Every structure is written in C-alpha cells, then in structure tokens.
2 protein chains.
Amino acid sequence: MRPMKTIDWDDGSVLLIDQTRLPSVLKMVRCRSVSHLITAIRRLEVRGAPALGVAGAYGVALAAFTTRGRDFENFAGKVEAAAQQIARARPTAVNLSWGAEQVLARVQQARSIDEAREAALAEAQRIADEDVAACHALGDYGASLIPDHSTVLTHCNAGALACREWGTALGVIRSAVQAGKKVSIISCETRPLLQGSRLTAWELDRDGIPVTVIPDSAAAHLMRKGRIDCVLVGADRITHDAVFNKVGTYMHAVSARAHGIPFYVAAPLSTFDPDHGEEEIEIEDRDRDEVATFNGRVLIPDGVPVLNPAFDATPLSLVTAIVTPFGVLRPPLDWETIAAKRRVI
Amino acid sequence: MRPMKTIDWDDGSVLLIDQTRLPSVLKMVRCRSVSHLITAIRRLEVRGAPALGVAGAYGVALAAFTTRGRDFENFAGKVEAAAQQIARARPTAVNLSWGAEQVLARVQQARSIDEAREAALAEAQRIADEDVAACHALGDYGASLIPDHSTVLTHCNAGALACREWGTALGVIRSAVQAGKKVSIISCETRPLLQGSRLTAWELDRDGIPVTVIPDSAAAHLMRKGRIDCVLVGADRITHDAVFNKVGTYMHAVSARAHGIPFYVAAPLSTFDPDHGEEEIEIEDRDRDEVATFNGRVLIPDGVPVLNPAFDATPLSLVTAIVTPFGVLRPPLDWETIAAKRRVI
C-alpha cells in the first residue's frame, strides 16, 4: 500500500489531487481562495463524500484565513456566507455541508478573528485526521465481511481518492488484503465520468490489488454467471430510508438481491443524515455534455435531450449491512445511537 | 418517417451505412469483395442481428459474383469456403450464418456458375426484402402492446440501422407512432460502443420521435421513479431458454421484473435458434480497447484487464412477450411451430 493524501492543508491553502486528469496525469491543484475551491468541487477535481467533508472543513478554514473584517462580527458574517456557498457547491453528499458547519461553529464560538482562524484550522485538521482514522476503523470492521479468495464488485470510486486516504469501500478491501486475504475487484467503469475506470482501477492497481474493469451494464450478467461474491460500495448520504450513491448503485442492489448476493455499503458517520428521508433529498442533475460528448467528440445528435442524474437512492431494505467506524450495522438501523455518535465525531 | 436502406445490393457490390461514423457523419461504404465485407462486419460498420442476416446473404451473393472457378464444382467449393468465413465473422447473432446458409444452398442447388450467381442474388434480394416485410409485420403486431402516452425504455439499437429498414424494437415504436400513439423513448447509451447514443437517438430524432438518452446505469432508478412503462429490445439470438442481446439487456430484465414492468423482445424469425440452448452459445468477447480508451484518450491504466462481453443472456422466464412477424408470443414458446415457420421464410 502506498498512502497518499487526496486533500491536505498546505501553507495557507488547500492542496488536492486533480481527479479529472487521472489516470494519465497525477497533478496537484492548489486552491488559495474559496472561489477556486468551489470551482474545484463543482468540476469534480475533488469528489467522493468523505473527501467533500474534508473539503468543506478546509474550505471554511480557508475562508477564515482569507477574509478581512472591520470587526469580529463583520468577519464572522462573511465567513458564514462563504461557508454557505461552499455547502451548496454540490447538493447530494451530506458530508460537504457537515464539514463546513463543523468548522463554522468553531469560528462563531471564537472571540477574536485570530482565535477564530486558529480554531477553524484546528477543527478542519481534526476532521481531516478523523476521516483517516474512520476509514481505517471501518476497514477493519468490514474486512470480516469479505471472504478469502473472493471477488467483490464495486461501483464508482469509494477509495482513497474519495476520502483523505485508505477509502471506505476500498478501505475495507485494503484492510482485508492487509489481513492476508486474497481479494480481487470488479470495478464498474461508472458512466458518465468513469470514476471506476480512471480512479478505482488506478488506485487499486497502484497498491497491487487485482482489479478488472467492466462496463456498468455487465454487472448483472457476471452475477448470474456466479462470478461476484458480494457488492461493496460507498455512499453520499444515508437517510432514514435510503442510501444515496453514484447512479447505478440501485441497479446493482436490485441485481444482487435477485441473485442472493450480499450488498454492502461502507461509510463514515458524517455520511449519515438522521434528519431526512429520501423524498426530501435533491439528486443533482449534471450537464448534458457529460453524456453527449467525449473528449471533443459528439456522441448524441444536437437537440436530443439527456437525463444525467449523478446519484440514485437504494432503499435500506436492499442493503445487507452498512460498515461504519463503530461496527457493522444491519438494517433496521438504530438512528438514536447513530445520531448521538455523529454529534461527538 | 424517412425510410433509408441500411444495407443494399448495388451494381455488383454491397453498399452499407458506416455505423461507426454516426451521428456526426452519414457515409456509405461500398464492399466489392468478401474480405472487405467481413472487415466491415467485424468493425461493426454494419451490425444488428437482422442486418447481419442480410449482410450474410449479400455476402455469399458477392462471393458468387467475385469467385472464378475451373468448373462448377471448383466454383461451388470456393463459394462455400467464403460463406463459412462470412458466417464466422461474428459468433453470437444467429442471423449472420442463417443468411449465408440460405444463399449458399441456392448456389449448391444450381447446375452452372451463371445459374448459381443468378439464384444467389435472387435469394439474397428475397431475404433482404423479407427483412423489410418482417419488420413492418412485427411492428404492426407489437404496436398493440405499447400504450398511448407511454415511455418505452430501449437498449442498444434495434432500429432501422440494425435491419434493412424500419427496425425490430424501433419498428414497433414506428408502427405505434404511425397508428397515432404518442410514445417517447428512453434510449440507454449502451456502453462501450454507444449505439443507443449514436444510432438510436439519431434515427428516432430523424423521424421526429421524442427520445432522451441516459447512462445505462440510470435505467433501474427511472423504473423505481415510475418513469418507464415498458422495456422493449431486439435480440441477437433466441434459444430454447434465453434471449441473447447486447450486454445490459439482462440487467434491464431483472430490474423490470423487480418493478412489475413488462419486458418485451422484438425479433424476426431468423433470430430464433430452435436447435440450441443457452449453454451452447458463445458470447463474443470484444477488445479491451473499446472500454479502455476513447477517441485516443486512455481511460484505464495500462495493464489493468477489462471484461468486455458484447452480449448477455436473459432467461425466457423474465420475458413478458416476444413480438414476431407472425404475432406476439408469450413464453413458454411453441418451438415446433417456430421451427416450421422458420424453414419457409
């Protein structure tokens, strides 16, 4: 395993791997302003729910360091406005607003601008470190679910690149491999932005974990042929009734159930949303161009519309278990305990 | 509707639309030799099971016209060898070998080279015309299955471009629209070669039929949201126990069943294979590059393997009905009647 930090605080700015350039180019982006960071979030240069939580936290710290104010109240008001902009950069992953809110609360509790900056950075660093610890903890719990000599199907990228390091779904795989198990991964390419091809294949291959890429639509076929032992994905938000994750997750859950294959989700506590149900959550619709063009080539005739939902919702009834940093949970979930633990992250 | 011939006999050669260039460029390819036609089939310049049946038939006619022989026996032997090469150009669609065999039989029944050529071309033309008639006949039968004001999900391209004209699945849609029904289509983009984006969207848009493209993995999500009234696809081969069609068809069938949505297949008789079961049929594995690169861009790190099955098999138990030129069949199928009708196409 070769640990790398997907996102970090460095010399008063936020440093992140530009995930749009992988697998061909490993390039870092340095965001010195909140607006630059928001653009990076919208362009998916940084993506993945846990990494967005860290980005939200670092983003508010960056706001604190780059904001000038007549007095503390004026300063805190401006930081709050910046925090709201950051939280709204993408709507579906709850972690982004969660990370921003945690740091904003520290700013608001401070008594001076200097104290606010120090507290904001300390809190953001704590959230970033906590993300790493959470991935290792859930990895260790989840590894027990992965049989030796098994093939695991995953969708999109819930790996080191979706977190600060190690990963959620791929963190479980890394922990299983570290524990000596032989595990191979089937990575769905994950249209339209191909995070499965570009990111999951890249980071597993880099760690020497066997990975094979398939078109998303071949997953059910491989399940029917007995070639998949379990499905393991990350999550962007877990409400009372559903797991929101990259579009395609629901179809894998339906197929897994039809073939009697376990369907696992791995997520840190910041991904849980105890306050909402599925119907209240907005699923981000992304640009037509992501589906209609590729690398400058037109794939769909002009004028033909596209539906490009970034996420879908999988009812908890199709989920075998959720791997968290405090253990493996099987639905129905104990929401009181989850909410209490989430408050003290 | 603007009819166009996907494949035709023209001045001693086979003329076909180069489907790899759509939707940007509508360009014809003229095949003057069997080897050129085989390359066109392998490169998917012509594809779709019924169109491959016509290509197989015209291909053997082309062999008859371009082959020289010391005597009739020598000539017939060479044409037979060419027919076998054509039939093996792609393994899964049964129509290709069926079309080649029909024309080869006429060559073998002739008593002179001239008579063989004349009979081969007449039989190939008959098969080509029969394909058009079959699509219109099955279109009219199938139209009764499509409710007015409905949304139909389709996968890949079972349209005019997959046949000589009109189409199988899209022939049903055209017949329903011609009968005055309001129908809109959700076309799955169909990775890796994007026939849904490039071909289905193009030909429906050209005919003014409303079409929206989605990533393949969004289909189950839309079914769950109540936005799909039925699924309608073509087929590459229908054995005793399964429908072989573009990879992804099976996942749509599983999802349709889970949501109580009818799953329809439309196919001419040449697609039925009364002599085989699923386990005997080879599913074509296509090149890694189709998934790993696009338009010159590397999507998957070098050395990471890809599984790229062109087709999958959907058990007949998941199929609500099969639309054929002699009516709508509901499993279990009456194979004796199908085999008898198939012999007299």
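Note that the structure is predicted; figures quoted are calculated from it, not measured.

Here we look at the overall build of chain A
No. 1: Secondary structure summary: chain A contains 11 helices and 15 strands in total.
No. 2: Taking the principal axes of the C-alpha coordinates as reference, chain A spans close to 65 × 50 × 40 Å.
No. 3: Within chain A, the fraction of its 345 residues that count as buried is 65%.
No. 4: A sequence separation of at least 24 residues applies to 75% of the contacts in chain A between residues at least 6 apart.
No. 5: On chain A, roughly 12200 Å² of surface is accessible, and the fraction owed to carbon and sulfur atoms is 47%.

Thoughts on the relation of the copies chain A and chain B
No. 1: Note on the copies: chain A fits chain B at an RMSD of 0.0 Å, the axial shift is 0.0 Å, and the rotation between them is 180°. These values place the two chain copies in the arrangement generated by a two-fold rotation axis.
No. 2: A shared binding surface is used by both copies, with 100% of the interface residues of chain A retained as interface residues in chain B.

Some thoughts on the sheet that holds strand 6 (residues 211-214) of chain B
Residues and elements named next belong to chain B.
No. 1: Taken in spatial order, the seven strands make up an open sheet running 6-5-4-7-10-14-15, and their pairing is mixed. The open sheet is flanked by strand 6 and strand 15 (327-329), the only strands paired with a single partner. Pairs of neighbouring strands in the sheet enclose a mean axial angle of 25°, with direction left out of account.

A few points about the nonpolar core
No. 1: Grouped together as the largest cluster of nonpolar side chains are 70 residues, with contacts concentrated most on Ile-238, Val-265 and Phe-272 of chain A together with Ile-238, Val-265 and Phe-272 of chain B.
No. 2: Apart from residues lying up to four places away in sequence, Phe-272 of chain B is in contact with Val-94, Ile-238, Ala-267, Ile-322, Thr-324, Leu-329, Leu-333, Trp-335, Ile-338 and Arg-342 of chain B.
No. 3: Counting 64 residues, the second largest nonpolar core, distinct from the first, contains Ala-143 and Phe-294 of chain A together with Leu-204 and Cys-230 of chain B.

A word on the pattern of salt bridges
Residues and elements named next belong to chain A.
No. 1: Scanning all chains against the criterion turns up 34 salt bridges over all chains.
No. 2: Here Lys-5 and Glu-165 are joined by a salt bridge, their closest N and O atoms 3.2 Å apart. Here Glu-165 lies in the loop between strand 4 (150-155) and helix 6 (169-178) and Lys-5 lies in the segment before strand 1 (7-10), a separation of 160 residues in the sequence.
No. 3: A single salt-bridge network, built from bridges that share partners, covers Arg-90, Glu-284, Arg-286 and Glu-290.

Conventions used here
- Residues numbered from 1 in each chain as written.
- Chains lettered and ligands numbered in written order.
- Predicted model: local features only at pLDDT ≥ 70, side-chain atom pairs only at ≥ 80, totals over all residues.
- Heavy atoms only, no water.
- Helix = DSSP H or I, 4+ residues; strand = E, 2+ residues; numbered from the N terminus.
- Buried < 20%, exposed > 50% of the residue type's maximum accessible area, 1.4 Å probe, protein only.
- Contact = heavy atoms within 4.5 Å.
- Areas by Shrake-Rupley, 256 points an atom, 1.4 Å probe, with all protein chains shown as cover.
- Least-squares fit on C-alpha atoms with pLDDT ≥ 70 in both.
- Pairing = 2+ DSSP bridges.
- Axes fitted to C-alpha atoms, helices over the stretch in contact; angles between N-to-C directions.
- Core = buried A, V, L, I, M, F, W, Y, C linked by side-chain atoms within 4.5 Å.
- Salt bridge = Lys/Arg side-chain N within 4 Å of Asp/Glu carboxyl O.

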